[in-house]
Amino acid sequence: MATTPLAQLVAAIHNGGVVIGAYDQDQLVGFCYGFAGYKNGEVSLCSHMMAIDPEYRDLGIGYQLKHKQRLWAIDYGYKKIIWTFDPLETRNAYLNLCKLGGTIRTYLPAYYGDLADEVNKGLPSDRFLVEWELESVRAVDAAAGKSITSERWQSYPSLVKWLQSGSFARPVIGQVLGNENEYIIPVPRYLHDMKRDQIDLAKEWRFTLRDQFQHALANGYVVTGLLRSEDPVHYYVVEKMTV
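Residues numbered from 1 in each chain as written. Predicted model: local features only at pLDDT ≥ 70, side-chain atom pairs only at ≥ 80, totals over all residues. Heavy atoms only, no water.

K.L.:
Any details on the pattern of salt bridges? Residues and values, ideally.
P.N.:
By the definition in use, this model includes twelve salt bridges. One salt bridge in this structure joins Glu131 and Lys80, with 2.9 Å as the shortest N-O distance. A residue pair is termed long-range when its members are at least 10 positions apart, and Glu131 in strand β8 (residues 127-133) and Lys80 in strand β4 (residues 80-85) qualify at 51 residues. Overall, the relative accessible area of 12% leaves Glu131 in the buried class. Here Lys80 falls in the buried class, since its relative accessible area comes to 7%. (Salt bridge = Lys/Arg side-chain N within 4 Å of Asp/Glu carboxyl O. Helix = DSSP H or I, 4+ residues; strand = E, 2+ residues; numbered from the N terminus. Buried < 20%, exposed > 50% of the residue type's maximum accessible area, 1.4 Å probe, protein only.)

Put into structure tokens, the structure is as follows:
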């Protein structure tokens, strides 16, 4: 488990960073931590960590923490918050894209190398880079509780086909990018069970999605949403758009 020394948190807080806690009376049940970032001439808040006590999950605490972070960042002059997450983690994807209004333009292969722990068993640590434009229409709508999902997503062609494989789905390469402005890309729903029972299948999904997303993003597409389904997969939405 990743940790950050207290001295580092204090230094960040005094130099453009922030730590926000969620409490049940006097008990800390969640937090998010971000520090000041600068890249390519642009200042942003790098949201490095967020965690919720397992007993307090599914209560909307993560959503509330992120929106509190957004308001703090706007007050302190930031225009954007960035952070990374695993593209195979659809729970995080739905929060980041559909409930917060973030977008994704960058895919980072093996960001932390190959993960050798017992759960990941050598799975490369690929990450999406979320860009949360704090005063964009998407972010403002999300903060107002407006839905970012669209029924139109269901009509988008898929870049990857899949086949049932026991309790899971197996990716099958689909069509190449054409002239469409919108596509969907499937992603497995049951990642943690898959990593436990069929780690090689999880790796197959990792490399398939890495190829598809790197190609799509390099050709001007942006990841804008997650279409949830009753299938053994959900679907990322990729669109050509101006944020």
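K.L.:
Requested: an account of the packing of aromatic side chains, with residues and values cited.
P.N.:
Per the stated rule, a full pass over the model turns up twelve aromatic pairs. Taking the centre distance of 6.3 Å and the plane angle of 15° together, the rings of Tyr107 and Phe213 count as stacked. On the criterion of sequence distance, the pair formed by Tyr107 in strand β5 (residues 103-108) and Phe213 in helix α6 (residues 199-218) is long-range, its members being 106 residues apart. Of the residues examined, Tyr107 reaches a relative accessible area of 8% and is grouped as buried. The interplanar angle of 85° and the centroid separation of 5.3 Å between the aromatic rings of Phe213 and Tyr236 together place this pair among those described as edge-to-face. Residue Phe213 is located in helix α6, and its partner Tyr236 is located in strand β13 (residues 233-239); the two are separated by 23 residues in the primary sequence. This pair shows no difference in class: Phe213 is buried, exactly as Tyr236 is. In textbook terms, an aromatic cluster arises when at least three aromatic residues are bridged by ring pairs, as seen for Phe85, Tyr107, Phe128, Phe213 and Tyr236. Directly above the ring of Trp83 sits Lys66, whose terminal nitrogen or CZ lies 3.7 Å from the centroid. (Phe/Tyr/Trp six-rings, centres within 6.5 Å; stacked < 30°, edge-to-face > 60°. Lys NZ or Arg CZ within 6 Å of the ring centre and 35° of its normal.)

K.L.:
A description of the side chain of Gln212 should follow, citing residues and the corresponding values.
P.N.:
Mapping Gln212 onto the fold places it in helix α6. The exposure class of Gln212 is buried, given its relative accessible area of 13%. Residue contacts for Gln212: discarding those within four places in its chain leaves Leu159, Val160, Ile173 and Ile185. (Contact = heavy atoms within 4.5 Å.)

K.L.:
Describe in detail the side chain of Asn96, supporting the description with residues and values.
P.N.:
Looking at where Asn96 falls in the secondary structure, it is placed in helix α3 (residues 90-99). Here Asn96 falls in the buried class, since its relative accessible area comes to 5%. For Asn96, the side chain forms a polar contact with the side chain of Trp83, separated by 3.3 Å. In this structure Asn96 touches Trp83, Phe85, Gly101, Gly102 and Val130, once residues within four positions along its chain are discounted. (Polar contact = N/O pair within 3.5 Å; in protein donor to acceptor, adjacent residues only side chain to side chain.)

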